[in-house]
Amino acid sequence: MLDTPLQLGSLELPNRGLLAPLAGVSDVPFRRICQELGAGLTYVEMLAAIALLRGNRRTHEMLARHESECVLGVQVTGPDAARVGAAVRVLDEARFETIDLNMGCPVRKVVGSGNGSALLRDTARLEEIVATARAATTRPLSVKIRLGFTANTINVEANAAAIARAGADLLTIHGRTRDDSYAVRVSHPGIAAGVKAARAVNPRILVIGNGDIMSSADAKRMQEATGADGIMVSRGALGNPWIFRAIAGQGDDDPTIVEWKEIVLRHLDYHTAHYGDTEMAARLTRKHLLWYASGFPHVNRLRERFSLVASMEEARQLVSDFARSLPSDFRRGEDRPREAVVSSDPKYQMDRQLDRGVGTLDGE
Ligand SMILES: Cc1cc2nc3c(=O)[nH]c(=O)nc-3n(C[C@H](O)[C@H](O)[C@H](O)COP(=O)(O)O)c2cc1C
């Protein structure tokens, strides 16, 4: 079912496996790779309404898109209806095909200024913001929330109903609260309650489940347990765009080493095309390369070298040399189950890194 098209307003998405907006990660090269491997929809990372409206240079650079990105979503967060409405108008004029409102970001500086998951605590304000955004664009409008602010104040049903009432076309529910760390497992019943509450108000609203999707089997479980219309992948896509082909029913979750090399080198090509062939560009690839190394045997030395990569050529060479060191039919995960990788790899334990990941909030 996740491999079937999803009609989002006027947009027909090829399947129901979406790539989340990921701060500091979902740039043009990464989105192109995920799209080519089958992601049903991709988004620009979260932008702050205030920074966008003040013309902050970094925020405007984040609006870049490649000509191959025919359908691209964008996500914005803001503390009140006036600023979110004005930001949505800017994004509408910038011709993004769909616009998402972030009401789930847990990062301290985001919440502290009334953005992101701060809105979960105030259903009336949340509804007013969505209604104002609705009036500001005719494009498909979506909202991303969590189950609530804390375990004691779970209000996913009230917020989901308010979002449906305010006219959103799609709602994504991350099945944790703002206070939950990634060590807390995502709650499928919590998401299912939100799905039901949103549909009770508007049976046509689409609801997407998010959280702990590290494989196509996890995606299927999420969809079946929650009744959601689709799923959104976040950490599970880091260094792992193959998850989308598996969700779309077009291939295995794990690449062979030959497929791995082809895609990592392609990612590096797209990276060079976007950022240039410079040392700064090479530094920006380091985190992606470290994520790509995950799940393969004997990667400690490779990781050390990836973490110091200083040129795009060096990155290419390391990738090719590593691929040559394994038999050509080697498939990632052959020697180690995914659960073992997920429980030990630092890329899945990102709680503290997230606090540093988000971009400009105030336009300074
Ligand atoms: C590096 C990173 C950046 C993120 N940036 C965003 C973002 O810009 N917007 C957003 O809505 N969620 C963002 N998230 C949250 C994820 O989209 C997702 O809701 C959360 O990680 C739960 O899904 P998971 O358990 O599958 O990772 C980010 C998560 C990570 C790990």
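Residues numbered from 1 in each chain as written. Predicted model: local features only at pLDDT ≥ 70, side-chain atom pairs only at ≥ 80, totals over all residues. Heavy atoms only, no water.

1. As for the site of the ligand
Around the ligand sit 20 residues in total, of which Ala-23, Gln-75, Tyr-182, Asn-210 and Arg-235 are the nearest. Lys-144 places a side-chain nitrogen or oxygen 2.8 Å from an oxygen atom of the ligand. The contact in question runs from an oxygen atom of the ligand to an N or O atom on the side chain of Arg-176, over 3.1 Å. Isolated, the ligand exposes 610 Å² of accessible area, and the fraction of that covered by the protein chains is 94%. When its residues are assigned to classes, the shell around the ligand shows 10 nonpolar, 6 polar and 4 charged. (Near = heavy atom within 4 Å. Polar contact = N/O pair within 3.5 Å; in protein donor to acceptor, adjacent residues only side chain to side chain. Areas by Shrake-Rupley, 256 points an atom, 1.4 Å probe, with all protein chains shown as cover. Nonpolar A, V, L, I, M, F, W, Y, C, P; charged D, E, K, R; others polar.)

2. Looking at the domain arrangement of the protein chain
The assigned domain composition of the protein chain is domain 1 (6-252) and domain 2 (257-332). Relative placement of domain 1 and domain 2: their C-alpha centres are 29 Å apart. Opposite the 18 residues of domain 1 that make contact, domain 2 presents 15 residues. Looking only at domain 1, the three residues that lose the most surface to domain 2 are Pro-29, Ile-33 and Trp-242, adding up to 32% of its buried area. Summed over the shared surface of domain 1 and domain 2, the number is 3 salt bridges. A salt bridge links Arg-266 to Glu-36; its shortest N-O distance comes to 2.5 Å. Taken together, domain 1 and domain 2 are joined by 6 residue pairs in polar contact (both at pLDDT 80 or more). Elements that contribute at least two residues to the side of domain 1 that touches domain 2 include exactly α1 (28-36) and α10 (242-247). Tallying contributions element by element places α1 first for the side of domain 1 that touches domain 2, with 6 residues. When grouped by side-chain class, the residues that make up the side of domain 1 that touches domain 2 number 10 nonpolar, 3 polar and 5 charged. (Domains from an automatic or database assignment. Contact = heavy atoms within 4.5 Å. Buried area = accessible area lost by both parts, 1.4 Å probe. Salt bridge = Lys/Arg side-chain N within 4 Å of Asp/Glu carboxyl O. Helix = DSSP H or I, 4+ residues; strand = E, 2+ residues; numbered from the N terminus.)

3. Regarding the layout of surface pockets
One number sums up the size of the second largest pocket: a volume of about 330 Å³. As for the second largest pocket, its lining consists of 17 residues, and the residues nearest its centre are Arg-185, Asp-212, Met-214, Val-342 and Ser-343. Put simply, the parts of the chain that give the lining of the second largest pocket at least two residues each are α9 (216-226) and α15 (338-344). Broken down by element, the residue count for the lining of the second largest pocket peaks at 4 residues, all from α15. Taken together, the residues that form the lining of the second largest pocket break down as 6 nonpolar, 3 polar and 8 charged. (1 Å grid on protein atoms, 1.4 Å probe; cavity = no way out; pocket = protein on both sides within 12 Å on 5 of 7 lines; lining within 4 Å. Points joined across faces, edges and corners; volume = space filled by probe spheres on them.)

4. Quick look at the packing of helix α11 (residues 257-275) against helix α14 (residues 312-324)
Look at α11 against α14: their axes get within 10 Å of each other, and the N-to-C directions meet at 175°. Between α11 and α14, the crossing angle belongs to the class labelled roughly antiparallel. Every residue of α14 that contacts α11 at Ile-257, Trp-260, Lys-261, Val-264, Leu-265, Leu-268, Asp-269, His-271 and Thr-272 is listed here: Met-312, Ala-315, Arg-316, Val-319, Ser-320, Phe-322 and Ala-323. Its residues placed into classes, the contact of α11 with α14 shows 10 nonpolar, 3 polar and 3 charged. (Axes fitted to C-alpha atoms, helices over the stretch in contact; angles between N-to-C directions. Parallel < 35°, antiparallel > 145°, perpendicular 65-115°, else oblique.)

5. What to know about the sheet that holds strand β4 (residues 43-48)
Taken in spatial order, the 8 strands line up as β3-β10-β9-β8-β7-β6-β5-β4 in an open sheet, and their pairing is parallel. Looking at the sheet topology across the chains shown, the edges are occupied by β3 (17-19) and β4. In this sheet, neighbouring strand axes are inclined to one another by 30° on average, regardless of whether the strands run parallel or antiparallel. One ladder, built from 4 bridges, connects strand β5 (residues 73-77) with strand β6 (residues 98-103); its direction is parallel. Counted as the bridge partner of Val-74 is Ile-99 from β6. (Pairing = 2+ DSSP bridges.)

6. Side note on the packing of aromatic side chains
Here the structure, examined in full by the defined rule, presents 5 aromatic pairs. Seen from their ring centres, Trp-242 and Tyr-292 are 6.0 Å apart, and the 75° between their planes marks the pair as edge-to-face. A residue pair is termed long-range when its members are at least 10 positions apart, and Trp-242 in helix α10 and Tyr-292 in helix α12 (residues 279-293) qualify at 50 residues. Its relative accessible area of 2% is what places Tyr-292 among the buried residues. Both rings, one in Phe-296 and one in Phe-322, keep their centres 5.9 Å apart while their planes meet at 85°; by these two values the pair is edge-to-face. Here the residue Phe-296 occupies a position in the loop between α12 and α13 (300-306), and Phe-322 occupies one in helix α14, the gap between them amounting to 26 residues. For the pair shown, Phe-296 and Phe-322 are each scored as buried. Taken together, the ring pairs in this structure connect Trp-260, Phe-296, Phe-322 and Phe-330 into an aromatic cluster. (Phe/Tyr/Trp six-rings, centres within 6.5 Å; stacked < 30°, edge-to-face > 60°. Buried < 20%, exposed > 50% of the residue type's maximum accessible area, 1.4 Å probe, protein only.)

7. So, the environment of Asp-80
Inspection of the secondary structure puts Asp-80 in the loop between β5 and α4 (81-93). Each C-alpha atom of the pair Asp-80 and Thr-132 lies 9.6 Å from the other, and the pair is 52 residues apart in sequence. One polar contact links Asp-80 to Arg-83, side chain to side chain, over a distance of 2.7 Å.

8. Observations regarding empty space enclosed by the protein
One pass over the full model with this rule turns up 3 cavities of 30 Å³ or more. Of the volumes computed, that of the second largest cavity is approximately 40 Å³. Residue lining of the second largest cavity: His-267, Leu-268, His-271, Thr-285, His-288, Leu-289 and Tyr-292, and that is the complete set. The set of elements that each furnish at least two residues to the lining of the second largest cavity consists of α11 and α12. By residue number, the principal contributor to the lining of the second largest cavity is α12, which donates 4 residues. A class-by-class count of the residues in the lining of the second largest cavity yields 3 nonpolar, 4 polar and no charged.

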